[in-house]
Amino acid sequence: MYRSVKYMLLVVASITLFISSCTCPCEQEVSSPDEIVAQAMEGLEMITPEDLKQKMDSLEMFYLIDVRELGEYVYGYIPGAINIPGGILIFKMGNEAFWDNEMIYPPEKTDKIIAYCKKGKRSVIAADYLERLGYENVKFLEGGWKAWEMVYPLEYEENLEMLGGSHDAEEDAGGC
Amino acid sequence: MRKLSVIAFVLFLPLLLLALIQLNDTLNDPGVTVYNYVKKADRNMTPSVDHTQFEILQQPFEDAHKVTAACLSCHTNRHEEIMATSHWRWQRDEVLEGRGIIPLGKKNILNNFCIGIAGSEATCTRCHIGYGWVDQSFDFKEPTNVDCLICHDKTGTYQKEKGNGGYPKASVDLNYVSTHVGSPGRDNCGVCHFWGGGGNNVKHGDLEISLLDCTLEVDVHMATEGENMSCVDCHVTEKHQMAGKLYALSSENKSRATCEQCHTNKPHNDKIIDDHNLRVACQTCHIPVYAKVNDTKMYWDWSSAGELDEHGEAFHEPDVDGNHKYMSIKGTFVWANHVIPEYYWFNGIADHQLISDQIDTIPVQMNRLMGSYRDKGLFQESEQPSKIWPVKVHRGKQIYDMVNNTLVQPKLWAKEKGKNAFWLDFDWDASVKEGMAYLELPYSGEYGFVETEMYWPLNHMVSPASQSLKCIDCHTRNNSRLANLNDFYLPGRDTNWQVEASGITLIILSLIGVIIHAIFRVIFRRRYFLSKKFKEGNES
Amino acid sequence: MKKVYLYKGFERFWHWTQAFLIFFLMLTGFEIHGSYNLIGYENAVRWHDDAGWALLILMIFASFWHVTTGEWKQYIPTAKNVRAQMEYYLTGIFRNAPHPTGKRILSKLNPIQRLVYFALTIIVIPVMVISGFTYLYFNYPIQGFALDSLEPVAFIHTIGAYILITFVIIHLYLITTGHTITSNLVAMITGWEKMDEEEAQVAVEDVIESTKRHYVKQINGDKKKKAKKNKNTDSELK
């Protein structure tokens, strides 16, 4: 009886090993984009709007990157943020010409970088990519632009001229 | 034989477990049984009366008052019913805790949206069910001042004019409208209740134009593909008195329109879930998110209002989603969609910050939902226990009197410039002076802006049952929806760190003890086998 | 070597079912506590409730059995030999010393076991059952006993759970201190424990004595009475 028990245990152990090896996050398919975000978030640091404001007020040196599309950025962005849409982010980070154009020094791998998007998800993936590129000091803004807006609705810059077109006709005297 | 029995014994327990799990997993879904409601398919929906056949409605109507007179020629006492309601008076006598009975309503209450109507009646009364309320001289007793058509129009063509005290637009064909009347639908109620605050979904968050034609995902009751219920199906109306409360204006726990009225308080066919109804409102689990289609306004900062463009004209700027981000007349806004509600204890009683009240907390609580965990209603006086409710909280900054320490009412609208209306003249001081004088209330001359909060309990945009909250949404240590409601112990969310620490220490210590003991036994056993004694013992 | 029948059928059934139920209650209980996510919160609650009821029913049966068979006497705690037993576990076992108290059919538990099991039966288990009921019927209190907050109940129930885990760990280890590592385990499965000749002798001697005393009584003084009875029946038959 003991031999068959031993064999059974061996089989069970090997099955368990096999299954556990399949849980490597690298190749496994996920059932929803939120799972990709959740996986990317592991090991990433986040920052709240209040802490970000504190950093800004303290004149600390850091890169604030808005990873939304240009068409979202111009309507309102956190003061001092540079717009690098998520799709081209990893390609622009090391691009000297790009940073020359922005008139900003290209970020070192040790520089502080904070990424944000509209609600937080895109910035998680962006921050994850930045870490993989070797940037050591990357954070993402919890809740994104929408969270910032709720806490500091008057602290924003916009660039509507970039959209072209003229302002709407003058406002009528309010009311319903 | 014994081996077999051992094997059977060992296998039996896991098999039993599996079998029992299967049994439990089959959720029996008997379908939804409702009481006090007859499905539309089972009702005779054809109207009993054909109003096109009445001559009195074919006459040319000089003005809207004449239409009302025609209606009243048959529906002779309806104006009396109307004049007793809060839809007409825009106020209702209600008890405010500690203050007695106070007449309260849109007429005199302050909110943190457009603040109040005083001084701007002519435009605000576009949503009044009457004609001609442009100032304090409006005759609330005149029967023909009632607007029957706004609620009963079934043509969809009846519209009230802007800034004209509630009169219909000149383009409306009053004969056509008055001969096609019926029970109010979502469009009748929605034309005002969806657009409150100056735009679609500004105020409620869960009431907006998408409900006119939506899917079951958005609202299971009002979906066109479902039961397609109208507002009055739940807000049952007797003699023009509608059941239901809006706690922006109301304060007493009476005349509620509740889920239990149709669904009973045990609709789940499961004791554990039904028991939640003792402390958790139905809405909490069944409205997991609001503003599902169009954005709702979450923040309104009046302090930045008044900026004019290079021509000295008012302007507005959109945000990325197309909502107004900034308006010269109103200030800066923040919008959001798919918003997760905030949760508060609520027992159906609310308090209000009246214009005469001192500001004693910041942010100013425009209305306060009363309730707490301890208010259990059991063996206690409160008949309606406090339950956890989902709430939209609208935050903002609005104008107040820095010396008198009260909120103030500025005059916002006028037909032309020079009347001190802020929306045309952009002078805060003048507007507040004008507004407060209109109300015969004092104003010190010094104004500032103060943070405010207003609470809107959610009742609409009920999600399908499959999307209701699951246990883990609240009973979890991280990211619990009730993370901020911590005046009570919630299993799964709360722990006592001392208990955890001592418990885990106990376990670790016992594990260490056991391992050390085992190691020593192994060592000493080996020693014993190698020892002289044992060898001698064996040899002999 | 001899085998002695120590654990009867019901006793073993009770032991293993109770062990399984307690383990299961722990597993589901700590999920409800929020320590981890295994079978889903809803399932954890339902299973914990059902297992709790099952355990209660089992304990009622077991209590009945213990009382009617007299087995309850095994659990009476004693101060005698407690010290000796502690010394055995702390030092004696390493020197391969003999157990200070051998297993006997009428006394299967060593003094420390008696103390611990007594404490469990009188304190820990009742506290867990009562706090469990309070949890279950928290929203339907008896007037006068309505608790304001669930916190003290949770406090007690959680502490009890941690104590039970500690007990299980130590118990699982100490059962390996028998004759061989598995001898106690095999005994609790099959009922039979291997012992050598002398130990087997000691194990059964007082149960034999007790059985003798229990089933056979001296009836010297009653010879006359019996003779009278026979006489009477005989005369009736005549």
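Residues numbered from 1 in each chain as written. Chains lettered and ligands numbered in written order. Predicted model: local features only at pLDDT ≥ 70, side-chain atom pairs only at ≥ 80, totals over all residues. Heavy atoms only, no water.

## A word on the overall build of chain A
Move 1: Regarding its fold elements, chain A presents eight helices and five strands.
Move 2: Taken from N to C terminus, the helices and strands of chain A fall in the order α-α-β-α-β-α-β-α-α-β-α-β-α.
Move 3: Classification of the 176 residues of chain A by burial places 36% in the buried group. (Helix = DSSP H or I, 4+ residues; strand = E, 2+ residues; numbered from the N terminus. Buried < 20%, exposed > 50% of the residue type's maximum accessible area, 1.4 Å probe, protein only.)

## Here's the deal with helix H3 (residues 82-90) of chain C
Residues and elements named next belong to chain C.
Move 1: Among all positions in H3, only Val82, Gln85, Tyr88 and Tyr89 are buried. Within H3, the buried residues cover an arc of 120° as seen down the axis, which keeps them to one side. Every exposed residue of H3 that faces more than 90 degrees away from the buried side is listed here: Arg83 and Leu90. (Arc of directions from axis to C-beta.)

## A closer look at the environment of Glu42 of chain C
Move 1: As for its placement among the helices and strands, Glu42 of chain C is situated in helix H2 (residues 41-69).
Move 2: Glu42 of chain C sits in the partly exposed class, given a relative accessible area of 30%.
Move 3: Separated by ten residues in sequence, Glu42 of chain C and Ile32 of chain C place their C-alpha atoms 8.6 Å apart.
Move 4: Every residue in contact with Glu42 of chain C, bar those within four places of it in the chain, is listed here: Ile273 and Cys471 of chain B.
Move 5: For Glu42 of chain C, the side chain forms a polar contact with the side chain of Arg46 of chain C, separated by 2.5 Å. (Contact = heavy atoms within 4.5 Å. Polar contact = N/O pair within 3.5 Å; in protein donor to acceptor, adjacent residues only side chain to side chain.)

## Some remarks on the nonpolar core
Move 1: The biggest cluster of nonpolar side chains holds 35 residues, and the ones touching the most others in it are Trp302, Leu407, Phe422 and Trp423 of chain B.
Move 2: Only strand S8 (331-336), strand S13 (387-401), helix H13 (422-425), helix H14 (428-438) and strand S15 (447-457) of chain B provide two or more residues apiece to this core.
Move 3: A domain split of this core shows at least three residues from each of domain 1 (47-108 + 114-195) and domain 2 (200-408 + 443-518) of chain B.
Move 4: Those residues in contact with Phe422 of chain B that sit more than four places away from it in its chain are Ala305, Gly306, Ser328, Ile329, Lys411, Leu412, Asp427, Trp428 and Ser431 of chain B.
Move 5: In terms of nonpolar packing, the next biggest core, distinct from the first, is built from 28 residues, Tyr117, Ile125, Tyr162 and Leu164 of chain C among them. (Core = buried A, V, L, I, M, F, W, Y, C linked by side-chain atoms within 4.5 Å. Domains from an automatic or database assignment.)

## Concerning the confidence of the model for chain C
Move 1: Summarising the model, chain C shows a mean pLDDT of 88, and 92% of its residues fall at 70 or more.
Move 2: Quick note on the complex model: pTM equals 0.86, ipTM equals 0.85. (pLDDT = per-residue confidence, 0-100.)

## Observations regarding the sheet that holds strand S1 (residues 45-47) of chain A
All names here are of chain A.
Move 1: Spatially, the five strands line up as an open sheet ordered S1-S5-S4-S2-S3, and their pairing is parallel. The two strands at the open ends of the sheet, each matched to only one other strand, are S1 and strand S3 (82-83).
Move 2: Alignment of strand S2 (residues 63-66) against strand S4 (residues 112-116), held across four bridges, turns out to be parallel. Following the sheet pairing, Leu64 is matched in S4 by Ile114. (Pairing = 2+ DSSP bridges.)

## Re the packing of aromatic side chains
Aromatic rings in a pair are described by how distant their centres are and how their planes are angled relative to each other.
Move 1: The full count for this structure, using the stated rule, is 42 aromatic pairs over all chains.
Move 2: With a centroid separation of 5.7 Å and 90° between ring planes, the pair formed by Phe113 of chain B and Trp456 of chain B is classed as edge-to-face. With a gap of 343 residues between them, Phe113 of chain B in the loop between strand S2 (100-104) and helix H5 (121-124) and Trp456 of chain B in strand S15 connect regions that are remote in the sequence.
Move 3: Judged by its relative accessible area of 0%, Phe113 of chain B falls in the buried class.
Move 4: Taking relative accessible area as the criterion, Trp456 of chain B reaches 4% and is therefore assigned buried.
Move 5: Summarising the aromatic geometry, the rings of Phe20 of chain C and Phe24 of chain C are spaced 5.8 Å apart at their centres and angled 15° between planes, so their arrangement reads as stacked. (Phe/Tyr/Trp six-rings, centres within 6.5 Å; stacked < 30°, edge-to-face > 60°.)

## A look at the packing of H3 of chain C against helix H4 (residues 111-136) of chain C
Residue and element names in this part refer to chain C.
Move 1: Close contact between H3 and H4 brings their axes to 8 Å; oriented N to C, the two are set at 105°. Taken together, the axis directions place H3 and H4 in an arrangement best described as roughly perpendicular. Here Val82, Gln85, Met86 and Tyr89 of H3 come into contact with H4, specifically with Pro111, Ile112 and Leu115.
Move 2: Of the residues that constitute the contact of H3 with H4, the class distribution is six nonpolar, one polar and no charged. (Axes fitted to C-alpha atoms, helices over the stretch in contact; angles between N-to-C directions. Parallel < 35°, antiparallel > 145°, perpendicular 65-115°, else oblique. Nonpolar A, V, L, I, M, F, W, Y, C, P; charged D, E, K, R; others polar.)

## Digging into the interface of chain C and chain B
Move 1: At the junction of the two partners, chain C supplies 49 residues and chain B supplies 46 residues.
Move 2: Around 4300 Å² of area is buried between chain C and chain B when both sides are counted, 65% of it from carbon and sulfur atoms.
Move 3: Scanning the region where chain C abuts chain B turns up two salt bridges.
Move 4: Inspection of the region where chain C meets chain B yields 19 residue pairs in polar contact (both at pLDDT 80 or more).
Move 5: Of all the elements in the fold, those that place two or more residues in the side of chain C that touches chain B are helix H1 (9-32), H2, helix H5 (151-174) and helix H6 (183-190) of chain C.
Move 6: Split by residue class, the side of chain C that touches chain B holds 29 nonpolar, 14 polar and six charged. (Buried area = accessible area lost by both parts, 1.4 Å probe. Salt bridge = Lys/Arg side-chain N within 4 Å of Asp/Glu carboxyl O.)

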